[in-house]
Amino acid sequence: MLAKPPLRSIKTHWTAVLLACFLGPALLIGGLHYRFEYSATRDSRIRDVGAMADVRHETFRVWLHHAHDAGQGFLNTLSAFCRDSDTGFAACAKPPMERFAAIHRAVGVAL
């Protein structure tokens, strides 16, 4: 005996049609919602990382500005202090420069 082809009965046909009519839009809406939520979450994370990078950059810029000002002030003080030294500028400047390097954790400084 031959088997019936699928969707031969009206009941099976309408069941398949109704199932497709309800599941198709539901799957479409669910897929679009997932896509937009994923995109929004990704954009939010990218924005958060960018904001964190901006904060770190600004902190680093302020730190560099402070270090520059400290170094400039030290050099101005050192040149005024050792300008009229009897032992010479290099001999007068070496101890304060070593202290400054130690205070500011300058690694690898050889004077």
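Before reading further, recall that the structure is shown in the block above.
Draft legend 1. Region of the structure containing the overall build of the chain. The secondary structure content of the chain amounts to two helices and zero strands. A compact globule built from 111 residues should have a C-alpha radius of gyration of about 13 Å, whereas the chain, at 38 Å, is more than 25% larger. By its C-alpha atoms, the chain is 120 × 30 × 15 Å across when sized along the principal axes. Each of the 111 residues in the chain was classed as buried or not, and the buried ones make up 7%.

Draft legend 2. Inspection of helix 2 (residues 89-103) at higher detail. If you check helix 2, its first and last C-alpha atoms are 21 Å apart, about what 15 residues at 1.5 Å a residue would give, namely 21 Å. At Pro95, helix 2 shows its largest kink, close to 30°. Among the structural elements, helix 1 (10-82) are those in contact with the buried residues of helix 2. One or two steps after helix 2, the chain reaches Arg105, where phi turns positive at roughly 55°.

Draft legend 3. The packing of aromatic side chains, seen in detail. Tallied over the entire structure, the rule returns three aromatic pairs. When the centroid spacing of 6.4 Å and the interplanar angle of 20° are considered together, the rings of Tyr34 and Tyr38 count as stacked. Highlighted residues: Tyr34 and Tyr38, both in helix 1, separated by four residues, approximately one helical turn. By the burial criterion, Tyr34 is exposed, and Tyr38 matches it. With a centroid separation of 6.0 Å and 15° between ring planes, the pair formed by Phe60 and Trp63 is classed as stacked.

Draft legend 4. Broad picture of helix 1. Over its 73 residues, helix 1 extends 106 Å from the first C-alpha to the last, a length consistent with the 108 Å expected when each residue adds 1.5 Å. For helix 1, the complete set of buried residues consists of Gly71, Phe74, Leu78 and Cys82.

Draft legend 5. Expanded view of a nonpolar patch on the surface. Taken together, the side chains of Ile10, Trp14, Leu18 and Phe22 make up a nonpolar region of the molecular surface, amounting to roughly 490 Å² of accessible area. Structurally, Leu18 is set in helix 1. Here Leu18 falls in the partly exposed class, since its relative accessible area comes to 45%.

Draft legend 6. Looking closely at the nonpolar core. Residues Phe74, Leu78, Cys82, Cys92 and Ala93 constitute the largest nonpolar core, which totals five residues. Counting only elements with at least two residues in this core, the list comes to helix 1 and helix 2. The biggest single contributor to this core is helix 1, with three residues. Not counting the four nearest positions on each side in its chain, Cys82 is found in contact with Phe89, Cys92 and Ala93.

Draft legend 7. Focus on the state of the cysteines. Tallied over the entire structure, the rule returns one disulfide. Put simply, Cys82 and Cys92 are joined by a disulfide, and their sulfur atoms are 2.1 Å apart. Between Cys82 and Cys92, the S-S torsion sits near -75°, and that sign places the bridge as left-handed. With Cys82 in helix 1 and Cys92 in helix 2, the pair connects residues that are ten residues apart, well separated along the chain. Pair check on accessibility: Cys82 and Cys92 agree, each one buried.

Parameters at a glance
- Residues numbered from 1 in each chain as written.
- Predicted model: local features only at pLDDT ≥ 70, side-chain atom pairs only at ≥ 80, totals over all residues.
- Heavy atoms only, no water.
- Helix = DSSP H or I, 4+ residues; strand = E, 2+ residues; numbered from the N terminus.
- Rg over C-alpha atoms; globule rule 2.2 N^0.38 Å.
- Buried < 20%, exposed > 50% of the residue type's maximum accessible area, 1.4 Å probe, protein only.
- Expected span 1.5 Å × (residues − 1).
- Bend = angle between axes of the 7 residues up to and from the residue.
- Contact = heavy atoms within 4.5 Å.
- Phe/Tyr/Trp six-rings, centres within 6.5 Å; stacked < 30°, edge-to-face > 60°.
- Patch = residues over 30% accessible without salt bridge, like charges linked within 9 Å, V, L, I, M, F, W, Y side chains within 5 Å.
- Areas by Shrake-Rupley, 256 points an atom, 1.4 Å probe, with all protein chains shown as cover.
- Salt bridge = Lys/Arg side-chain N within 4 Å of Asp/Glu carboxyl O.
- Core = buried A, V, L, I, M, F, W, Y, C linked by side-chain atoms within 4.5 Å.
- Disulfide = S-S within 2.5 Å.

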